[in-house]
Amino acid sequence: NRIGDLSIYDGEMWHGISAGSTNAQCGKYPLDYVSCAAAKDKKGHFFAASYGGGVFEYENYKAIKNYNPDNSTLKSENAKAPDKYTRTEGAMVDDEGNLWVLNTGDEAFPINIMTPQKQWAGLNLYNAANRQKVSFVTPWEIIVDKRDSQYKWFVDQRGVMVYLLHDGGTPTNSADDYCYGRREFYDQDGLQIAPSAIYCMAQDNDGDMWIG
């Protein structure tokens, strides 16, 4: 784990946020930032997911809160060292202001959502392809489908899986969710493609998904 600084561009100027200032403001050093998501209410309010230290919340470019197993639905892969093993990724804020974040580990909720009222919900997901519980090895970011925002795409890089989730229009309730994951694909000639790792994904303007 490496302690990290942040550099945020607001459209006009850069804001530098040191690891030391984050620790001074919320009592926790950030480890391995992997993604950021801007809140919908005001400039300078955002969330940073770290691969070890949980999620950090900032207002006016200053840290105000660290979310970890003690105060959220996030879980650590090592209960004895939550400051180093609360591994999160894919921070995303939806149009309703809900923060979405992915969490690694067999015992973790793969998707965790914090509402604008600071209420957390941990969602268990089951892959419709094999009915197995979804857990992440190394997740990547969440992509909201341009055609229908109730669909979310995400990948497990070293778990080698592409997932599509339909949240049923109720993000914090998994009872009406549908999740489908697959790791093998077929090309235009019908030949099977089985990647050894999946590192990225993007959706083009036609709605097609591209997987790296």
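Summarised in this report is the structure supplied together with it.

Thresholds, definitions, all that
Residues numbered from 1 in each chain as written. Predicted model: local features only at pLDDT ≥ 70, side-chain atom pairs only at ≥ 80, totals over all residues. Heavy atoms only, no water. Helix = DSSP H or I, 4+ residues; strand = E, 2+ residues; numbered from the N terminus. Rg over C-alpha atoms; globule rule 2.2 N^0.38 Å. Buried < 20%, exposed > 50% of the residue type's maximum accessible area, 1.4 Å probe, protein only. Contact = heavy atoms within 4.5 Å. Lys, Arg positive; Asp, Glu negative; His and termini not counted. Charge placed at Lys NZ, Arg CZ, Asp CG, Glu CD. Core = buried A, V, L, I, M, F, W, Y, C linked by side-chain atoms within 4.5 Å. Pairing = 2+ DSSP bridges. Polar contact = N/O pair within 3.5 Å; in protein donor to acceptor, adjacent residues only side chain to side chain. Salt bridge = Lys/Arg side-chain N within 4 Å of Asp/Glu carboxyl O.

Within the chain one finds 2 helices and 18 strands. Computed over the C-alpha atoms, the radius of gyration of the chain is 17 Å, within 12% of the 17 Å expected from 2.2 N^0.38 for a compact globule of 212 residues. Taken along its principal axes, the extent of the C-alpha atoms in the chain is 55 × 40 × 30 Å. Here the chain holds 212 residues, and 47% of them are scored as buried. Within the chain, counting contacts between residues at least 6 apart in sequence, those at least 24 apart form 43% of the total. Both charge centroids of the chain, one from 20 positive and one from 29 negative side chains, sit 7 Å from each other.

Ranked by size, the top nonpolar core spans 15 residues in total, and within it Trp100, Ile111, Leu125, Phe154, Tyr163 and Leu165 carry the most contacts. Counting residues per element, this core draws most heavily on strand β13 (residues 161-166), at 3 residues. Residue contacts for Leu165: discarding those within four places in its chain leaves Trp100, Ile111, Leu125, Gln150, Tyr151, Lys152, Phe154, Asp177, Tyr178 and Cys179. If you look at the next biggest cluster of nonpolar residues, it comprises 13 residues, including Phe47, Leu74, Ala91 and Trp120.

This next bit is on the pairing of strand β7 (residues 86-93). Judged by how many residues are buried, β7 sits mostly within the fold: 7 of 8 residues are covered. As paired elements, strand β4 (residues 46-52) and β7 share 2 bridges and run antiparallel to each other. The residue of β7 that forms the bridge with Gly52 is Thr86. Bridge analysis of β7 against strand β8 (residues 99-103) gives 4 bridges, and the strand direction is antiparallel. Paired with Glu89 across the bridge in β8 is Leu102. Following β7, the chain reverses through 5 residues before pairing antiparallel with β8; Gly97 in that reversal takes a positive phi of roughly 90°.

The subject of this paragraph is the pairing of strand β14 (residues 178-182). Only one face of β14 is buried, namely the one carrying Cys179 and Gly181, since none of Tyr178, Tyr180 and Arg182 on the opposite face is buried. Pairing geometry for β13 and β14, over 5 bridges, is antiparallel. Paired with Leu165 across the bridge in β14 is Cys179.

We now examine the environment of Gln132. For Gln132, the position within the fold is in the loop between β10 (120-123) and β11 (143-144). Through-space distance from the C-alpha of Gln132 to that of Met161 is 13 Å; in sequence the pair is 29 residues apart.

Now for the side chain of Thr104. Tracing the backbone shows Thr104 in the loop between β8 and β9 (111-114). The class for Thr104 is buried, based on a relative accessible area of 1%. A distance of 2.5 Å separates a polar atom in the side chain of Thr104 from a polar atom in the side chain of Glu77.

Next up on the list: the pattern of salt bridges. Close approach of charged atoms allows side chains of opposite charge to pair. Taken as a whole and assessed by the stated rule, the structure comprises 6 salt bridges. A salt bridge links Asp145 to Arg147, with the nearest nitrogen and oxygen atoms 2.8 Å apart. You can call Asp145 buried: its relative accessible area is 6%. Judged by its relative accessible area of 55%, Arg147 is exposed.

A few words on the sheet that holds β14. Pairing within the open sheet is antiparallel, and its 4 strands lie in the order β11-β12-β13-β14. Since the sheet does not close on itself, it has two edges, and those belong to β11 and β14, each with one partner.

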